[in-house]
Amino acid sequence: MMAPVRVRFAPSPTGHLHVGGARTALFNWLTARHHGGAFVLRIEDTDRSRSTDEHIASIVEALTWLGLDWDEGPPAPGYRQTERLEIYRAHAEQLLAAGRAYYCDCAPEELDRQRQAAHQRGETFRYSGRCRDRALGAGALRLAIPPAGATVVDDLIHGPVTFEHGQLDDWILVRTDGTPTYNFCVVVDDVTMQITHVIRGNDHLSNTPKQILCYEALGYAVPAFAHVSMILGADRSRLSKRHGATSIQAFRDAGILAEAMVNYLARLGWSHGDQEIFSREELIALFDIKDVASSGAIFDATKLEWLSHEYLKTKAGAALAALVEPFLRGAGLPAPADPARLAAICDTVKERAKTLVELVERARFYFEPPAAYEAKAAQTFLTPEGARRLDLLCARLPAERAWTPAVIEQAYRTLAAELGLKLVDLAQLSRLALTGGTASPPIFDVVALLGRQEALARLRRARAAAGGAS
RNA sequence: GACCCCGUCGUCUAGCCUGGCCCAGGACGCGACCCUUUCAAGGUCGAGAUCGCGGGUUCGAAUCCCGCCGGGGUCACCA
């Protein structure tokens, strides 16, 4: 029987979760769920100065929003590197005892000088190995790397990648002050957490041979690796803040649906035939890390919005009503007391909005009367003739007992016929009166949802704005 | 600079392993038209890639080989 798949996402809490990290997390999560394995969340907080609890909370919040739940990790103890110092120490001692690591007391300034010199000669800097056989009892602990040969990273995405040992150096495992370095922590953590697949960013590919050599020195099996390409900005450089919003919560706050974010991130570098829309279940069933493309991908917010729109359109009004409440508050609008009415409102605007923010803007008129009439339309419709039609509308509408779209439509069509008008003439006039503009959901739905009282009040107000005797 | 990765429509990608079905398919975006009470949605159609460049192998190459070029990443007692 094969060992159960265990993957991990190991962010360092020095900032918010950004889209690149989120995609890496998603690929790990999908791999775990696809194989029925475990997804571990580990916090790489060895950088004490930049790591904060607030950032951990923020990352947890972002992952939760995306629906990427972890089987092991915070808040349970033991998943933060700062809690695992003893484990690193023990492994360092093991390497030292086995003669696979040694202490080095070379002065940093001297190392720096050598680095400069190597650079000058056009070579990759490689530690000289001066302290290798000096059997020192203290200093920085270095890993002794086999001088000859090469190490091959058998990457699931890139295929075999060979690194000559001549390019590698005896890197530092533990600093002079006793703190372990990142590359050492990663290896020890992945080993002790029995990680079977290391799926991470492409920027770690060059570190991988060093780490593999450490696994081997420790006598542990080497996990499978998959290095996911970087997410790029429009100029093809690594995506960063200067390219615009990159944090996951920025997209959440912009009203992008979580399903759309997940779908978009999955499709960025991964594909399955011509399919664009994938439910979470389909993703789990179809995703295979081997199918992820090796080239970098530019983040395209427009396509993300298209996906968000797709999900918005198909979502039930009631579900949207629940999601939309914080956005209503954000727009300074009162959340309606009747959830069914809010759901109905959402249903009328959902196919006209790409995000929840946009949805609220499109629905604004349901909650407050128009502050002004669109100038050009007012000129066209709020005329003496417009006033006459509004009067007729006001006179006809209250006569209808039931205030439903169908009944209202009948009244409109009858009046239009009587006046020898096209429906559009009455519809646009009403739209302007009720919403302040000329674009809205179907007008009969609007009239109905506004309620008899409010709709008539707005029609009368427009009639007054049109001037003339009444 | 050295090492490593990457290079198909503007963008995400299919195809590349197992050459011919590809004078390259889908999607986003863009344009036009249809539908229509507006805006959307939906439908139809269209523009858009000499497959980074140059050689070679072959009857035949996006697909195989070689060499370039371009972009990115890594080279810390940072993570």
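Scoring rules and cut-offs
Residues numbered from 1 in each chain as written. Chains lettered and ligands numbered in written order. Predicted model: local features only at pLDDT ≥ 70, side-chain atom pairs only at ≥ 80, totals over all residues. Heavy atoms only, no water. Near = heavy atom within 4 Å. Polar contact = N/O pair within 3.5 Å; in protein donor to acceptor, adjacent residues only side chain to side chain. Helix = DSSP H or I, 4+ residues; strand = E, 2+ residues; numbered from the N terminus. Nonpolar A, V, L, I, M, F, W, Y, C, P; charged D, E, K, R; others polar. Domains from an automatic or database assignment. Contact = heavy atoms within 4.5 Å. Buried area = accessible area lost by both parts, 1.4 Å probe. Salt bridge = Lys/Arg side-chain N within 4 Å of Asp/Glu carboxyl O.

Draft legend 1. Structural context of the protein's contact with RNA strand B. What surrounds RNA strand B is a group of 62 residues, the closest being R175, T176, E351, R352 and S440. At the protein interface, 71% of the atoms of RNA strand B within 4 Å belong to sugar or phosphate. With respect to RNA strand B, the backbone of Y182 contributes an N or O atom lying 3.2 Å from a phosphate oxygen. Between RNA strand B and R352, the relevant distance is 2.5 Å, taken from a base oxygen to a side-chain nitrogen or oxygen of the residue. Only helix 4 (108-120), strand 6 (159-164), helix 5 (182-192), strand 11 (297-298), helix 10 (301-314), helix 17 (423-435) and helix 18 (443-450) provide two or more residues apiece to the surface near RNA strand B. Partitioning the surface near RNA strand B into residue classes produces 20 nonpolar, 24 polar and 18 charged.

Draft legend 2. How the structure looks around the domain arrangement of chain A. The domain architecture assigned to chain A consists of domain 1 (84-228), domain 2 (241-310), domain 3 (317-367) and domain 4 (375-467). Taken residue by residue, the interface counts eight residues in domain 3 and ten residues in domain 4. Carbon and sulfur atoms make up 68% of the area that domain 3 and domain 4 hide from each other, which totals about 760 Å². Considering only the side of domain 3, the residues that lose the most area to domain 4 are R352, F365 and Y366, jointly responsible for 63% of the buried surface there. For the pair domain 3 and domain 4, the interface holds two residue pairs in polar contact (both at pLDDT 80 or more).

Draft legend 3. Looking closely at the pattern of salt bridges. This structure, assessed with the given rule, holds 34 salt bridges. We note a salt bridge from R130 to D105, for which the minimum N-O separation is 3.4 Å. Taken as a pair, R130 in the loop between helix 4 and strand 4 (140-143) and D105 in the loop between strand 3 (101-104) and helix 4 lie far apart in primary sequence, 25 residues in all. Two residues, R132 and D170, come together in a salt bridge whose shortest N-O distance is 3.3 Å. Taken together, the positions of R132 in the loop between helix 4 and strand 4 and D170 in the loop between strand 6 and strand 7 (172-174) put the pair 38 residues apart, joining distant regions of the chain. What emerges from the salt-bridge pattern is a single network uniting R8, R42, E44, R84, D189 and D190.

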